Structure formats: structure tokens, C-alpha cells
Amino acid sequence: MTATPPARWEGLTCTQRRIKDFTLDDNLPDLGTPAETSRRHEPVAGAGALEVLPIEILHEVLLQLDLRSLTYLRLVNRRTMGFVDALPQYSDIIRHASNALRGILAIGTGSWISCKALHTSLCTARCELCGDFGGYLYLLTCKRVCFLCLSLNDVLLPLPPSHACRKFGLKRHHLADLPQMKTVPGTYSPNRKKILKSDTLVDHECARLAGINLYGSLAAMEQSVLQKQARMLEAYNARQTGRDSSGRPVRARRRPPALDPFDGQSGNPHRFVAIARVPWLDRASRRVERGFYCVGCEKSSRKPYHWRILFAADTFEEHLANCGEIRDGKHCTT
Ligand SMILES: [Zn+2]
Ligand SMILES: [Zn+2]
């Protein structure tokens, strides 16, 4: 059942803004209506060693399995498909977050995310970074996030490997075991930016932690990165003014890229390539909440009145208590 704002808030909330986010789930192929499958038939093959496990143990094992392996296991035969489909958490995911599962498999992060982790995020209401209601999942590391954090917070900006190496003083081999993804070509961000080919991106926070781990501390990492950047700039500037043996100016090479290139925030397509809009499943009531917007904040772009903040019943109650009741479409602060 989908939750709706209580009747006492009629006219104070709305479920949509007149803008489309263009996230990963908007760029996945349309699967159309599912075809009739052979699952109506009884399985003829068994599931091998899994057959001897009690159902509780089997479910615990499947829950811990990463989503890529779970998907492969499901495709082995009708018996294993039946095992996976009978897992209550998998069934919740298929019912309420199938776009997130498809997104995870499409960008190739399934081997880092367990079925349990995705289900836990589905059942988490609040943004893991700021505590507001989170209407989205960040599918590189399976975090529940809100629109403002996904469009503003550095942690949720996946980086090209060359940028991650430059910014955190890493070599390519340091990235090998970090969560990374392949972009799905398409249109991303409310500004409708095109991504034309599939590129690798690395999780920002995991790369930062790998750098800190390598250098021993954040300060040591930053010092090393800044020193290297200064040396590269110095060499570049020296080449700019240099002359060859015949007295002609040396042809300048490309300027070293900045440690922090321009981030278009909500207009940066990389901020949307690992994002899916996913409702919150309340474990207790089994109700699904997609979140709603405040009518009184429609024209504001500053927290706590920002027009992109989504609410659930409890956070909207807090919002009205902190920002004032709404009259004639505006918050009354007195
Ligand atoms: Zn947030
Ligand atoms: Zn408001």
C-alpha cells in the first residue's frame, strides 16, 4: 500500500515538481510487459548442495549473497529461481525497487552490494548524509540519499579514475578493488546533459579513504597531492617561458588538470548516473512512502525551505514545527 499525506495537510503538499530529474532509472531500457515464463512448470532439475540446507539457513545465505551472484543463481534453473523468488527481501526488492536492482546490474555494481544491503536501504527512510527524507538510492555503494545531497555533496560525485588518482594521490592499481561503475549512455540531470559512451567511474569516498590509508592520514595525503600539483604547475610554467637550442619558444604542453574541476552540481550528469528514485518501505506497516513536497517551499532554494526537499509524515511534522504553519501557500513564521 502506498502512503499518502494525511487529510489535514490537504493543499499543503504536492507529490511532484514540474521538473524531471533524469536519473539512471530514466535511462534503462523499457522492458515492456513481462512475457509468460516457463515458471508455471514444475522444476525438473535440482539445486545441488543447496537442497540439503534448511530453509532458514538457505534464506540467510541468499540474503548475504551479492546481487550479481544472486541474479546468476536465479538463472541456473527453475528450482534455484524458486529459491530466490521465495526470499521475502528479494520479493520486496522486485516489488518496490526493481528499478534499483536493474540499475545496479546495468552499471556493474552488483558484486559490491548484497541483497541484504539493498533491502536495508529500501527500508531506510532518511538520507544517510543529512537526515532529511531520502527519496533516492546512490547505487555505487547503495546509500539512501536526498536530492540536495546527491546534487551538492562531494561524497556522491563518482569520479573518473584519472581524477580520483590525481585528487587522492593514488595509482591505477590502488583503484582495482574499489567500488566502480560503468555509465549507461543516455540523458542525465534536470539539465538534460548527454552521456554518449560508457565510461568507468569510481566511488569518491572509497577512493578518498584509500588515499588516506595509503598516506597514513588526511593531512599527509593532502600535502603530497598539493606538492605534486605544485611541481607539475611549476614544470608547465617553466615550459611556457622556455626556449629550445635555436632560441625558439618551446611548444607548451597541456596545462595540468585542476584537482577539482568545475562541478555543475544539479547540472552535472555524473551526479545522476548512479541514482535511482526508490520509495521507502516501512517494515512495520508494510506501507510504501515516495515522499511529497511542501507547497510553502515551492519558491525557495535555501534550506530548510528548499523546494527540492521531500518529506514523509514525520519530517513534514518537524518542518511545520520549525518553519511555521502554511497559510495562502507560504510559511507563517509568527
Ligand atoms: Zn541528504
Ligand atoms: Zn515548507
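Here the structure is a predicted model, which means the values were calculated and not measured.

Trainee: Could you clarify how one ought to interpret the overall build of the protein in this entry?
Mentor: Each helix and strand counted, the protein has 11 helices and 13 strands in total. Of the contacts made within the protein by residues no fewer than 6 positions apart, 65% connect residues no fewer than 24 positions apart. Within the protein, one finds 47 positive and 33 negative side-chain charges whose respective centroids are separated by 9 Å.

Trainee: Would you mind going over the nonpolar core with me for this structure?
Mentor: In a soluble, globular protein the nonpolar side chains are often hidden away together inside. Membership of the largest hydrophobic core comes to 68 residues, with the highest contact counts inside it found for L118 and F316. The next biggest cluster of nonpolar side chains, apart from the first, holds 15 residues, and it includes F168, V202, M221 and V225.

Trainee: What is the right way to look at the coordination of the zinc ion (ligand 2) in this model?
Mentor: Tetrahedral coordination by four donors puts the ideal angle at the metal at 109.5 degrees, and octahedral coordination by six puts it at 90 or 180 degrees. The zinc ion (ligand 2) binds to the protein through C294 (SG), C297 (SG), H319 (NE2) and H331 (NE2); the donor distances cover 2.0 to 2.2 Å. Of note is the zinc ion (ligand 2), whose 4 donor atoms meet at the metal with angles of 99 to 120 degrees in an arrangement that counts as tetrahedral. In the primary sequence, the donor residues of the zinc ion (ligand 2) line up as C-x2-C-x21-H-x11-H. Taken as a pair, C294 in strand β11 (residues 293–294) and H331 in strand β13 (residues 330–331) lie far apart in primary sequence, 37 residues in all. Given the relative accessible area of 1%, C294 is considered buried.

Trainee: Looking at this structure, I do not really get the coordination of the zinc ion (ligand 1). What am I missing?
Mentor: Each protein donor to the zinc ion (ligand 1) is listed here as C127 (SG), C130 (SG), C146 (SG) and C149 (SG); together their distances run 2.3 Å. Coordination geometry of the zinc ion (ligand 1): the 4 donor atoms subtend angles of 106 to 118 degrees at the metal centre, consistent with an arrangement described as tetrahedral. Donor residues binding the zinc ion (ligand 1) come from one chain and are separated in sequence as C-x2-C-x15-C-x2-C. Of this pair, C130 sits in the loop between α6 (115–122) and β2 (136–138) while C149 sits in helix α7 (residues 147–152), and the two are 19 residues apart along the sequence.

Trainee: I keep staring at the side chain of S114 and nothing clicks. Help me out?
Mentor: Looking at the secondary structure, you find S114 in the loop between α5 (98–107) and α6. By relative accessible area, which is 18% here, S114 ends up buried. In this structure S114 touches L63, Q64, L65, D66 and L67, once residues within four positions along its chain are discounted.

Trainee: Sorry, what's going on with the UniProt feature "domain: F-box" (unreviewed entry) in the protein here?
Mentor: Here the UniProt feature "domain: F-box" (unreviewed entry) sits at residues 47–93. With 68% helix and 0% strand, residues 47–93 has end C-alpha atoms that lie 23 Å from one another.

Trainee: So what exactly am I meant to see when it comes to the packing of helix α4 (residues 88–96) against α6 here?
Mentor: To describe two helices that pack against each other, one gives the angle between their axes and the distance between the axes. The N-to-C vectors of α4 and α6 enclose an angle of 55 degrees; their axes lie 9 Å apart at closest approach. Of the possible angle classes, the one that applies to α4 and α6 is oblique. Seen from above, α4 lies across α6 with left-handed handedness. The residues of α6 that touch α4, namely those facing Q89, Y90, D92, I93 and H96, are C115, L118, H119 and L122. When its residues are assigned to classes, the contact of α4 with α6 shows 5 nonpolar, 3 polar and 1 charged.

Trainee: Sorry, what's going on with the sheet that holds β2 here?
Mentor: Strand pairs in the sheet, formed through backbone hydrogen bonds, run parallel or antiparallel to each other. Here 3 strands make up an open sheet; going across it, the order is β3-β2-β8 and the pairing antiparallel. Here the strands that pair on one side only, and so sit at the sheet edges, are β3 (143–145) and β8 (275–277). With direction set aside, neighbouring strand axes in the sheet form an average angle of 30 degrees. Relative to β3, β2 runs antiparallel, the two being bridged by 3 bridges. When the bridges of β3 are listed, L137 appears paired with R144.

Trainee: Can you help me understand the packing of aromatic side chains in this one?
Mentor: Between two aromatic rings, the relevant description is the distance of the centres plus the angle of the planes. Going through the model one piece at a time under the given rule, you end up with 6 aromatic pairs. Ring centres of W9 and F292 lie 6.3 Å apart, and the angle between their planes is 45 degrees; on these two criteria the pair is classed as tilted. In this pair, W9 is assigned in the segment before β1 (13–14) and F292 in the loop between β10 (288–289) and β11, connecting sequence segments 283 residues apart. A relative accessible area of 4% places W9 in the buried class. Seen from their ring centres, Y136 and F147 are 6.2 Å apart, and the 55 degrees between their planes marks the pair as tilted. On the criterion of sequence distance, the pair formed by Y136 in strand β2 and F147 in helix α7 is long-range, its members being 11 residues apart. Summarising the burial analysis for this pair, Y136 and F147 share the class buried. Ring pairing ties together the aromatic residues W9, F292, F311 and F316, which thus form one cluster. For R277, the ring lying beneath its charged end belongs to Y136, and the centroid distance is 5.5 Å. Over the aromatic face of F147 sits the side chain of R308, whose NZ or CZ is 3.6 Å from the ring centroid.

The rules we used
- Residues numbered from 1 in each chain as written.
- Chains lettered and ligands numbered in written order.
- Predicted model: local features only at pLDDT ≥ 70, side-chain atom pairs only at ≥ 80, totals over all residues.
- Heavy atoms only, no water.
- Helix = DSSP H or I, 4+ residues; strand = E, 2+ residues; numbered from the N terminus.
- Contact = heavy atoms within 4.5 Å.
- Lys, Arg positive; Asp, Glu negative; His and termini not counted.
- Charge placed at Lys NZ, Arg CZ, Asp CG, Glu CD.
- Core = buried A, V, L, I, M, F, W, Y, C linked by side-chain atoms within 4.5 Å.
- Buried < 20%, exposed > 50% of the residue type's maximum accessible area, 1.4 Å probe, protein only.
- Donors = N, O, S within 2.8 Å, 3.2 Å for Na, K, Ca; no water.
- Tetrahedral: all angles 85-135°; square planar, octahedral: opposite > 155°, others 65-115°.
- UniProt positions renumbered as here; feature names shortened; annotations may be inferred.
- Axes fitted to C-alpha atoms, helices over the stretch in contact; angles between N-to-C directions.
- Parallel < 35°, antiparallel > 145°, perpendicular 65-115°, else oblique.
- Left-handed = near helix turned anticlockwise from the far one by under 90°.
- Nonpolar A, V, L, I, M, F, W, Y, C, P; charged D, E, K, R; others polar.
- Pairing = 2+ DSSP bridges.
- Phe/Tyr/Trp six-rings, centres within 6.5 Å; stacked < 30°, edge-to-face > 60°.
- Lys NZ or Arg CZ within 6 Å of the ring centre and 35° of its normal.

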